[in-house]
Amino acid sequence: MKYTSFLVALTALCGANAFVGPLRIILAPRSLRDASPFLLSPLHSNSNADDLFDPLLSPHAYPNGVDAGPVTEKPSNNSSNAPNKRKPFGFRTNGEESEPENKSLHFNNKPSALQPNVFDPTLSPHRYPNGTPDQVIDLSAPTHKIGILLMDHGSRNPQSNQRLHDLAQLYQSRLSSETIVRAAHMEIAEPSIPQVLRQLVFEDQVDQIICHPYFLSPGRHVTQDIPQIVQQAITELSQEVDEMPPIVTTDPVGAQTDVMISAIHNLVQQSVTVPLTPR
């Protein structure tokens, strides 16, 4: 009895099918056990047992036991013999399942939100069942072109005027291609400030213009003359374009006192015989 109780408990723990054979042998009458215990096994309880049990089926297919064979029919509201077919794939809504339309499961050749008409490397390859398009989305940051205008007084000496243009080219070489540096003169020489501003707006098509007075002191040219020239150019250009890029003017280079002192100190150090000792 202890062995029988052990098998009953083990059967409940591991499943009835695993121990149904040994359990039936133990619980069967002694005369039947002695006669042919082999016939009591679940796979050989009758001559058609091999046809009833399919090891590839789920255990849920045998709700009445292995001897009864798999259940292939499931009663329904309309007929008790309706076949137990698996429901088609669908989405569950309010406790019910509905089969989606085929067109929602497949992409078409037309561009849509499901199948982009341009290639985006951040999307899954499954979004392109018809192949990736030739056009590629540019994921780089949007460009912002800046124009820098260096302005001086202007001179009758061509070499003095060229000095400002050489400085603009040197400054340009240290910046990216999205920044355009040009030079202009307040008077006497060309190009003038209005001419270069027009070039930056119409030819270079910059998004912003920074005007820098190349002067050592904030004198009358910096505080009055140049601001008036720049403002007059802005007024004339505004009549010709729908949207003007913002144009601002910086302080003169001489306004950076620390930078100027450092530059003067470096020049002085090149001339003295004994290095200067700072405080």
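Residues numbered from 1 in each chain as written. Predicted model: local features only at pLDDT ≥ 70, side-chain atom pairs only at ≥ 80, totals over all residues. Heavy atoms only, no water.

For the protein, the name recorded in an unreviewed UniProt entry is Sirohydrochlorin cobaltochelatase, with Fistulifera solaris as its organism.

Quick look at the nonpolar core
With 22 residues, the main nonpolar core has L149, I193, L197, I209 and V230 as its most contacted residues. If you list the elements that add at least two residues to this core, you get β3 (146-152), β4 (179-185), α7 (193-203), β5 (208-213) and α8 (220-238). When residues in this core are grouped by element, the largest group, six residues, is from α8. Setting aside anything within four residues of it in sequence, one finds I193 in contact with L149, M151, A184, H185, M186, I226, I229 and V230. (Core = buried A, V, L, I, M, F, W, Y, C linked by side-chain atoms within 4.5 Å. Buried < 20%, exposed > 50% of the residue type's maximum accessible area, 1.4 Å probe, protein only. Helix = DSSP H or I, 4+ residues; strand = E, 2+ residues; numbered from the N terminus. Contact = heavy atoms within 4.5 Å.)

A closer look at the pairing of β4
The element β4 is largely enclosed, with a buried count of six among its seven residues. By the bridge criterion, seven bridges tie β3 to β4 in an arrangement that is parallel. Across the sheet, residue I148 finds its bridge partner in β4, namely V181. Taken together, β3, helix α6 (residues 158-173) and β4 constitute a β-α-β crossover, and its handedness is right-handed. (Pairing = 2+ DSSP bridges. Right-handed = clockwise from strand over helix to strand, strands pointing away.)

Concerning the sheet that holds β5
Spatial ordering of the open sheet is given by β4-β3-β5-β6, a layout of four strands whose pairing is parallel. For this open sheet the edge positions go to β4 and β6 (247-249), each flanked by a neighbour on one side alone. Strand-to-strand twist of the sheet, defined as the mean angle between neighbouring strand axes without regard to direction, takes the value 20 degrees. Relative to β5, β3 runs parallel, the two sharing six bridges. Pairing of L149 across the sheet is with C211, part of β5. Relative to β4, α6 is tilted by about 170 degrees, and along the sheet it contacts β3 and β4. Strand contacts of α8: β3, β5 and β6, with the helix running at about 175 degrees to β6, the strand carrying the most contacts. (Axes fitted to C-alpha atoms, helices over the stretch in contact; angles between N-to-C directions.)

Here's the deal with the pattern of salt bridges
Opposite charge on two side chains lets them pair, provided their charged atoms get close. Applying the stated criterion across every chain yields a total of three salt bridges. For D225, the salt bridge is made with R220, and the minimal N-O distance between the two is 3.1 Å. (Salt bridge = Lys/Arg side-chain N within 4 Å of Asp/Glu carboxyl O.)

Topic: the side chain of N161
Mapped onto the elements of the fold, N161 is located in helix α6. Judged by its relative accessible area of 10%, N161 falls in the buried class. Not counting chain neighbours up to four residues away, the residues in contact with N161 comprise G154, S155, H185 and A189.

Remarks on α6
For α6, which comprises 16 residues, the first-to-last C-alpha distance of 23 Å matches the rise-based estimate of 22 Å (1.5 Å per residue) to within 8%. Buried residues of α6: N161, L164 and A168, and no others. On an axial view of α6, the arc spanned by its buried residues comes to 55 degrees, and they lie on one face. When the buried face of α6 is taken as reference, the exposed residues oriented beyond 90 degrees from it are P158, Q159, R163, Q169 and S173. (Expected span 1.5 Å × (residues − 1). Arc of directions from axis to C-beta.)

Quick notes on the confidence of the model for the protein
With 63% of its residues at a pLDDT of 70 or more, the protein has an overall mean of 74. Predicted confidence for residues 31-47 stays below pLDDT 50, and this span has 26 contacts to residues more than four positions away or in other chains. Segment residues 79-83: pLDDT under 50, and six contacts once partners within four positions in sequence are set aside and those in other chains are kept. (pLDDT = per-residue confidence, 0-100.)

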